[in-house]
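Descriptive structure summary
Spelled out, the chains give:
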Amino acid sequence: MASSTVRPAEQARQPERDAARRLLESSAKLSYDPATEVDWDTPLDRDFHGMSPEWSTLYGTRYWQELTEAQRKELTRQESASVASTGIWFEMILQQMVLRDMYAKDPTDPRFQWALTEIADECRHSIMFGRGAAKLGAPAYRPPRLVRELGRAFKTLAVGEAAYASILVAEEVLDVMQRDWMRDERVVPFVRTINNIHVVEESRHMKFAREETRARLRKAGPLRRQVQALVVSIASYFIVTSMVNREVYAHAGLDTERALTEARANEHHKSLMRSSCSGLMEFLASAGLLTRPAVAVYRRAHLI
């Protein structure tokens, strides 16, 4: 029989190949070109927010109550731009990890072809986020130097489930935020379009990351799961805590130190972050990546 000539390892990967094939078909049917889909020409309307105000790091604080409506809108525009800039930083890490993982592998494999499709998507997203941040009137927000250097090491060394689970964490958190923003008529229209494009296309990326994480963990022993779970949680901590740069407050005309103090104590924002990660934590638990040390790190980042 023909099936008898198929190696066991190849049979084991068939579900991932089938999933990649479906993702390729979906991408062919529903993908966007941000260069033409986003309204880049209309001047920024400062009567709009840059994100749903409830997602601001200061929403619900005493400082937020003291701000004028114009100040609140400027703050959310700067925060939105910072999230986009952090997204670019991590998407560049993601692209390098996926390219390294697929290096010299079978180009006829749908998984290989999907990986390149995902990288192409991420290139467009990074350009889109960069143009969006510029249109919001924001500077080039970057993670702190230490985090950038840790990211440089992570993209070089992370392999297997650590790479794909970390990709999933970053994308899941952004996905929940942006689903709110894209439906919110208080948010400036071009940002809503950007969010819609990202949500649609990242949904495929998240499916691939889940499949790859499960596949890489099939033969993982307890020690490997413990180590990789901790690596993923630490990467997640630095990704999430770098989303809103401390400089956004100064650029919004606020007192940076007071804003940082109130943002760090903001229970409303912490609650939003935890609720946005509930599905992600269920997946990590089902994959055996929610160990006690990892949970401690996620709690520190207010993800659980």
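These remarks concern the structure in this document. On a predicted model such as this, the values are computed, not experimentally measured, just so you know.

Here the focus is the overall build of the chain. Scanning the chain for helices and strands turns up 15 helices and 0 strands. Taking 2.2 N^0.38 as the reference for a compact globule, 304 residues should give roughly 19 Å; the C-alpha atoms of the chain span a radius of gyration of 20 Å, in line with that estimate. Based on the C-alpha atoms only, the size of the chain along its principal axes is roughly 75 × 45 × 30 Å. Among the 304 residues that make up the chain, the fraction classed as buried is 53%. Contacts spanning at least 24 positions in sequence make up 83% of the contacts within the chain whose residues lie at least 6 apart. Here the chain holds 43 positive side-chain charges and 40 negative ones, and the gap between their average locations is 6 Å.

The full count for this structure, using the stated rule, is 25 salt bridges. Residue Arg-246 pairs with Glu-257 through a salt bridge whose shortest N-O separation is 2.7 Å. Of this pair, Arg-246 sits in the loop between helix H10 (222-241) and helix H11 (247-251) while Glu-257 sits in helix H12 (residues 256-264), and the two are 11 residues apart along the sequence. Residues joined by salt bridges that share partners form a network here, namely Arg-17, Asp-101, Lys-105, Asp-109, Arg-111, Glu-212 and Arg-216.

Our next topic: helix H13 (residues 267-276). Each α-helix winds once per 3.6 residues, and so residues spaced three or four apart point in a common direction. Here H13 has its buried residues at His-269, Lys-270, Leu-272, Met-273 and Ser-276. Taken end-on, H13 shows its buried residues confined to a sector of 160°, consistent with a single buried face. Structurally, H13 contributes buried residues whose contacts are with helix H8 (160-183), H10, H12 and helix H14 (278-286). The opening residue of H13, the one whose side-chain oxygen lies 3.0 Å from the backbone nitrogen of His-268, is Asn-266.

Put simply, helix H5 (residues 69-102) and H8 touch, their axes get as near as 11 Å, and they point 150° apart. On the basis of their axis angle, the class for H5 and H8 is roughly antiparallel. Every pair of crossing elements has a handedness; the one defined by H5 and H8 is left-handed. Facing H5, whose interface residues are Ser-80, Val-83, Phe-90, Leu-94, Met-97, Val-98, Asp-101 and Met-102, H8 presents Ala-163, Tyr-164, Ser-166, Ile-167, Ala-170, Glu-171, Leu-174 and Trp-181. Class assignment for the residues of the contact of H5 with H8 results in 12 nonpolar, 2 polar and 2 charged.

Right, let's get into the environment of Glu-171. Mapped onto the elements of the fold, Glu-171 is located in helix H8. Overall, Glu-171 belongs to the buried group, its relative accessible area being 6%. Note: C-alpha distance between Glu-171 and Glu-161 (10 residues apart in sequence) is 15 Å. Every residue in contact with Glu-171, bar those within four places of it in the chain, is listed here: Leu-94, Glu-118, Glu-122, Glu-202, His-205 and Met-206.

So, on to the nonpolar core. Where a protein is soluble and globular, its nonpolar side chains tend to be buried together. Counting residues in each nonpolar core, the largest one holds 55 residues, and the members touching the most others are Val-98, Ile-167 and Leu-303. When residues in this core are grouped by element, the largest group, 12 residues, is from H8. If we skip the residues at most four places from it in the chain, Ile-167 touches Phe-90, Leu-94, Met-97, Val-98 and Ala-209. Listed in part, the 31 residues of the second largest apolar core include Trp-40, Leu-44, Leu-67 and Val-200.

Conventions adopted
- Residues numbered from 1 in each chain as written.
- Predicted model: local features only at pLDDT ≥ 70, side-chain atom pairs only at ≥ 80, totals over all residues.
- Heavy atoms only, no water.
- Helix = DSSP H or I, 4+ residues; strand = E, 2+ residues; numbered from the N terminus.
- Rg over C-alpha atoms; globule rule 2.2 N^0.38 Å.
- Buried < 20%, exposed > 50% of the residue type's maximum accessible area, 1.4 Å probe, protein only.
- Contact = heavy atoms within 4.5 Å.
- Lys, Arg positive; Asp, Glu negative; His and termini not counted.
- Charge placed at Lys NZ, Arg CZ, Asp CG, Glu CD.
- Salt bridge = Lys/Arg side-chain N within 4 Å of Asp/Glu carboxyl O.
- Arc of directions from axis to C-beta.
- Polar contact = N/O pair within 3.5 Å; in protein donor to acceptor, adjacent residues only side chain to side chain.
- Axes fitted to C-alpha atoms, helices over the stretch in contact; angles between N-to-C directions.
- Parallel < 35°, antiparallel > 145°, perpendicular 65-115°, else oblique.
- Left-handed = near helix turned anticlockwise from the far one by under 90°.
- Nonpolar A, V, L, I, M, F, W, Y, C, P; charged D, E, K, R; others polar.
- Core = buried A, V, L, I, M, F, W, Y, C linked by side-chain atoms within 4.5 Å.

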